[in-house]
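What follows is each chain in one-letter form.
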Amino acid sequence: MSAESLLNKIATGKDLTVTEADEVAQTLDSLRENDALRKRVAIDDQYSMLLCLGQYDAKKYKGVIAHYLECRDPQTTCLALKLLCETAAVRIEIIEQLLHFALGTSWDHDLDVQCYALEQLGEFIRDHKKGRTDADDFLVSQSASLLLNIFQDENESYQARKSAYLAMLRSAGRSWEEMPSQYKRIDLNKDSQDICPNVVAEINTICNS
């Protein structure tokens, strides 16, 4: 059964069977190991197969999904990140990749991967800033520093700076209901009334902890 057929099955409210999900995972594994085969399968089809695994159990197939963090296709990389970041436990496993993507990459032309990675760094800080290990301390401080630097860097794109600021709000404990609309144009100047100085101060404290 094709990935499209499986997605249509999911769309009707039916669940994939274990056999169907395993077959999708095995197909993706075969593509990873066979360059000639991979060139014959469009990235859109691979995207659809990833969607199938995500609908079934992203955590079970995290190894297969994680391979697509290296595919250099923004849409597919973003999907892989979203599937892997569904739980805090898996998010921390790919924190180094999140830090890498949050810095920006040459192939992420619309900054979708960068902005999503920045968002997830905010969630990582929120989850790990209390009761952390020494290793977590370093990663949390590193993540907070990256968010703050991008937010304050006027040479960065508005899109990346706004994503960094929204991530800072989340890391400081703001609920989704308290967050500004993603469609709101935020004045990112340091003296702007749109910017909460307490949040900036808290991130500074985390950077220096």
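All of these numbers come straight from a predicted model, not from anything done at the bench.

Details of the pattern of salt bridges
Argument step 1. Per the stated rule, a full pass over the model turns up six salt bridges.
Argument step 2. Arg91 is the salt-bridge partner of Asp127, the closest N and O atoms lying 2.7 Å from each other. Placement of Asp127 in helix α9 (residues 112–128) and of Arg91 in helix α7 (residues 88–93) is noted, with a sequence separation of 36 residues between them.
Argument step 3. Residue Glu123 pairs with Arg170 through a salt bridge whose shortest N-O separation is 2.7 Å. In this pair, Glu123 sits in helix α9 while Arg170 sits in helix α11 (residues 158–171), placing the two residues 47 residues apart along the sequence. Take Glu123 and Arg170: they sit in the same class, and that class is buried.

Details of helix α8 (residues 95–102)
Argument step 1. Of the positions making up α8, those classed as buried are Ile95, Leu98, Leu99, Phe101 and Ala102. The arc enclosing the buried residues of α8, seen along the axis, measures out at 165°, which places them on a common side.
Argument step 2. Note on α8: the residue one or two positions beyond its end, Gly104, has a positive phi of about 95°.

Overview of the packing of aromatic side chains
Argument step 1. For the structure shown, the criterion picks out three aromatic pairs.
Argument step 2. A ring pair is formed by Tyr56 and Tyr61, whose centres lie 6.2 Å apart and whose planes are at 50°; its orientation type is tilted.
Argument step 3. A cation over an aromatic ring shows up here: Arg170 above the ring of Trp176, its NZ or CZ 3.9 Å from the ring centre.
Argument step 4. Lying over the aromatic face of Tyr158, Arg185 brings its terminal NZ or CZ to 3.7 Å of the ring centre.

Thoughts on the packing of α8 against α9
Argument step 1. The interhelical angle for the contact between α8 and α9, taken along N-to-C directions, is 130°, at an axis separation of 8 Å. Comparing the axis directions of α8 and α9 gives the class oblique. Where α8 crosses over α9, the two elements pack in a sense that is left-handed. Seen from α8, the contacting residues are Ile95, Leu98, Leu99, Phe101 and Ala102; seen from α9, they are Val113, Gln114, Ala117, Leu118, Gln120, Leu121 and Phe124.
Argument step 2. Partitioned by chemical class, the residues of the contact of α8 with α9 number ten nonpolar, two polar and no charged.

With respect to the nonpolar core
Grouped burial of nonpolar side chains is what soluble globular proteins tend to show.
Argument step 1. Residues Leu28, Ile65, Phe151, Tyr165 and Met168 are the most contacted members of the largest nonpolar core, which totals 66 residues.
Argument step 2. By residue number, the principal contributor to this core is helix α10 (residues 134–152), which donates eight residues.
Argument step 3. Filtering out sequence-adjacent residues up to four positions away, Met168 remains in contact with Leu147, Leu148, Phe151, Val199, Val200 and Ile203.

Considerations on unusual backbone geometry
Argument step 1. At Arg72, a residue that is not glycine, the phi angle is positive and equals roughly 60°.
Argument step 2. Here Arg72 lies in the loop between α5 (62–66) and α6 (74–84).
Argument step 3. Accessibility expressed as a relative area gives 53% for Arg72, which makes it exposed.
Argument step 4. Even without being glycine, Leu111 reaches a positive phi, approximately 65°.
Argument step 5. Positionally, Leu111 belongs in the loop between α8 and α9.

With respect to the state of the cysteines
Among covalent bonds in proteins, the disulfide is the one between the sulfur atoms of two cysteines.
Argument step 1. What the rule picks out here adds up to zero disulfides.
Argument step 2. Free cysteine Cys71: the closest other cysteine sulfur is in Cys78, separated by 10 Å.
Argument step 3. Here Cys78 is not disulfide-linked; the sulfur of Cys115 is the nearest cysteine sulfur, at 8.8 Å.
Argument step 4. On the basis of relative accessible area, Cys78 is assigned to the buried category, the value being 8%.

Conventions we followed
- In every chain, residue numbers begin from 1 and rise along the written sequence.
- Totals for whole chains, interfaces and linings use all residues, but because this is a predicted model, local features are given only for residues with pLDDT of at least 70 and pairs of side-chain atoms are given and counted only at 80 or more.
- Each side-chain value is derived from all of the structure's non-hydrogen atoms; neither hydrogens nor water enter the calculation.
- A pairing counts as a salt bridge when a side-chain nitrogen of Lys or Arg comes within 4 Å of a carboxyl oxygen of Asp or Glu.
- Counting from the N terminus, the helices are DSSP H or I runs at least four residues long and the strands are E runs at least two residues long.
- Residue exposure (1.4 Å probe, protein chains only): buried if accessible area is under 20% of the type maximum, exposed if over 50%, otherwise partly exposed.
- Arc definition: directions from the helix axis to the C-beta atoms.
- The criterion for an aromatic pair is that two Phe, Tyr or Trp rings (for Trp, the six-membered ring) have centres within 6.5 Å, with stacked assigned to planes under 30 degrees apart, edge-to-face to planes over 60 apart and tilted to the rest.
- We count a charge as sitting over a ring when the NZ of a lysine or the CZ of an arginine lies within 6 Å of the ring centre and within 35 degrees of the ring normal.
- Orientation is described by lines fitted to C-alpha atoms, with helices fitted over the stretch in contact, and by angles between N-to-C directions that extend from 0 to 180 degrees.
- Geometric relationships in this document are graded by angle, where less than 35 degrees denotes roughly parallel, more than 145 denotes roughly antiparallel, 65 to 115 denotes roughly perpendicular, and other angles denote oblique.
- Note: crossing handedness is left-handed where the near helix turns anticlockwise from the far helix by less than a right angle, and right-handed where it turns clockwise.
- Note on contacts: a residue pair is in contact if any heavy atoms of the two residues lie within 4.5 Å.
- Under this grouping Gly is polar, as are all residues other than the nonpolar Ala, Val, Leu, Ile, Met, Phe, Trp, Tyr, Cys and Pro and the charged Asp, Glu, Lys and Arg.
- We define a nonpolar core as any set of buried Ala, Val, Leu, Ile, Met, Phe, Trp, Tyr and Cys residues linked to one another through side-chain atoms lying within 4.5 Å.
- In this description, the term disulfide denotes a pair of cysteine sulfurs within 2.5 Å.

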